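Overview (structure and organization)
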Amino acid sequence: MSVVLQRIYEEDSKLGGYRVLIDGIWPRGISKEDAGLDEWAKTLAPSSSLRKWFNHDKEKFEEFRSSYKQELQNGDHQEDLQRLKEKSDGERVVLLYGTKEKEYNHAVVMKEILESKK
């Protein structure tokens, strides 16, 4: 089906599909009830050290993309990635994230990964 990106704070209307928060930290000001998640996949978020180093600096994005993909290649993440890929094969998957940065973030990279495996 499709993989869609959506900032959790800017939801005018909820898109249909399997809703997955892929941040390692719960977004401030959003209750778990209001989030309406099917899953919080915090294991698929970038490591704290990589996230802090990157700090959504577009100059570092290509290096971040490469480093994040390497982190996800670790065997600990393969099962979670495979499950999400299988979900995206059968239904829309909405990748939710908290950052204000829409172009240079880990959700963009995750979408690329999920779509490249189809």
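Criteria and thresholds
- Residues numbered from 1 in each chain as written.
- Predicted model: local features only at pLDDT ≥ 70, side-chain atom pairs only at ≥ 80, totals over all residues.
- Heavy atoms only, no water.
- Salt bridge = Lys/Arg side-chain N within 4 Å of Asp/Glu carboxyl O.
- Helix = DSSP H or I, 4+ residues; strand = E, 2+ residues; numbered from the N terminus.
- Buried < 20%, exposed > 50% of the residue type's maximum accessible area, 1.4 Å probe, protein only.

Some details on the pattern of salt bridges
Summed over all chains, the structure comprises 10 salt bridges. With a closest N to O distance of 2.8 Å, Glu112 and Arg65 form a salt bridge. Here the residue Glu112 occupies a position in helix H5 (residues 106–116), and Arg65 occupies one in helix H3 (residues 61–73), the gap between them amounting to 47 residues. With a relative accessible area of 18%, Arg65 lands in the buried category. With its nearest N and O atoms 3.0 Å apart, the salt bridge here joins Arg83 to Asp80. Within this pair, Arg83 and its partner Asp80 are both found in helix H4 (residues 75–90), separated by three residues, close to a single helical turn. Residue classification places Arg83 among the partly exposed positions, given a relative accessible area of 32%.

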